[in-house]
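Residue-level structural notes
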Amino acid sequence: MGGQEDRSLAEIAIFGGLTERELHAIEARCRWRSYAPHEQIIDFEDDSKDVFFIVSGAVRVVNYSVSGREVSFDDIQAGSIFGELAALDGERRSANVVAIAPTTVASLSPTTFREVLAAHPDVALRLMQRLARIIRISVERIMDLSTLGANNRVYAEILRLAKGGERENGRARISPVPIHGEIASRVSTTRETVARVMSDLARKGLVRREGAVLEISDLDMLQDMVEDFRGD
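Residues numbered from 1 in each chain as written. Predicted model: local features only at pLDDT ≥ 70, side-chain atom pairs only at ≥ 80, totals over all residues. Heavy atoms only, no water.

A separate point is the overall build of the protein. The number of helices and strands found in the protein is eight helices and twelve strands. Since a compact globule built from 232 residues should have a radius of gyration of about 17 Å, the 19 Å found for the protein is in line with a globular shape. Dimensions of the protein, computed from C-alpha atoms along their principal axes, come out at roughly 55 × 45 × 35 Å. Burial statistics for the protein: of 232 residues in total, 43% are counted as buried. Sequence separation of at least 24 residues holds for 72% of the intrachain contacts in the protein that already meet a minimum separation of 6. Summed over its atoms, the accessible surface of the protein is roughly 12700 Å², and 51% of this surface lies on carbon and sulfur atoms. Side chains of the protein give 30 positive and 36 negative charges; the mean places of these two sets differ by 2 Å. (Helix = DSSP H or I, 4+ residues; strand = E, 2+ residues; numbered from the N terminus. Rg over C-alpha atoms; globule rule 2.2 N^0.38 Å. Buried < 20%, exposed > 50% of the residue type's maximum accessible area, 1.4 Å probe, protein only. Contact = heavy atoms within 4.5 Å. Areas by Shrake-Rupley, 256 points an atom, 1.4 Å probe, with all protein chains shown as cover. Lys, Arg positive; Asp, Glu negative; His and termini not counted. Charge placed at Lys NZ, Arg CZ, Asp CG, Glu CD.)

Pasting the structure below:
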């Protein structure tokens, strides 16, 4: 179980703007649990319907092909949520969720979660905005898979990761350095292809590894490369 110091929803983005009293009321209805790295939190097609809030740590959303190949959809960091689809529509889970760091989560039953949304329209709006972002990213990835070659899909994924990292003066920092196998899983290619593309970007001076950080030296140039391949 997570320690008492972890039992706060103050950093969960969709609850931003709630009073301390309102947060405490929701926290009191949560179940709390901690997970070790690689420990499964949600199983694909599970009947469970709870929604989870990541208090600390991070999780990965993955599925597996018939042949056993891992397909990674997203890494979700502390402050965000997962499992909301089953809580909202009552259907089975659509993916596996695994901890990728020591992770503490709070969970609510679907009934309680829907009560919170009904009582706090601003929270419901933030949830809808989050789902809208997920849909936009999914549409973009579907288009990339349908129209781009493997090398160009890797460029597009590095760009997505860079946009989610630290950005300043046209540069970006991705931390931790993305693992080749994880990128390959997300864009449906091989580790060897990812390694080749990363080496090419390094030779061009666009990427550089600095310890546990991948630095992008010219975000605009990388954006232009991706848009050229997309035909924008």
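There is more to say, and it comes next.
The next thing to look at is the environment of Glu-20. With respect to the secondary-structure elements, Glu-20 resides in helix H1 (residues 20-27). Judged by relative accessible area, which is 60%, Glu-20 ranks as exposed. Glu-20 sits 24 residues away from Phe-44 along the chain, and the two C-alpha atoms are 35 Å apart.

A separate point is the packing of helix H4 (residues 121-147) against helix H5 (residues 150-163). Contact geometry for H4 and H5: axes closest at 10 Å, N-to-C directions at 160°. Between H4 and H5, the angle falls in the class roughly antiparallel. Read as a crossing pair, H4 and H5 show a hand that is right-handed. Mapping the contact onto sequence places Ile-137, Glu-140, Arg-141, Asp-144 and Leu-145 in H4 and Arg-153, Ala-156, Glu-157 and Arg-160 in H5. A per-class count over the contact of H4 with H5 returns three nonpolar, no polar and six charged. (Axes fitted to C-alpha atoms, helices over the stretch in contact; angles between N-to-C directions. Parallel < 35°, antiparallel > 145°, perpendicular 65-115°, else oblique. Left-handed = near helix turned anticlockwise from the far one by under 90°. Nonpolar A, V, L, I, M, F, W, Y, C, P; charged D, E, K, R; others polar.)

Extensive coverage of strand S4 (residues 58-64) is indicated by the burial of six of its seven residues. Across seven bridges, the pairing between S4 and strand S5 (residues 70-77) is antiparallel. Residue Val-61 lies in a different strand from S5, and its bridge partner there is Asp-74. Where S4 hands over to S5, the hairpin turn is made up of five residues, of which Gly-68 adopts a positive phi near 95°. The sheet contact formed by S4 and strand S7 (residues 96-99) spans four bridges and is antiparallel. Residue pairing across strands places Val-62 opposite Asn-96, the latter belonging to S7. (Pairing = 2+ DSSP bridges.)

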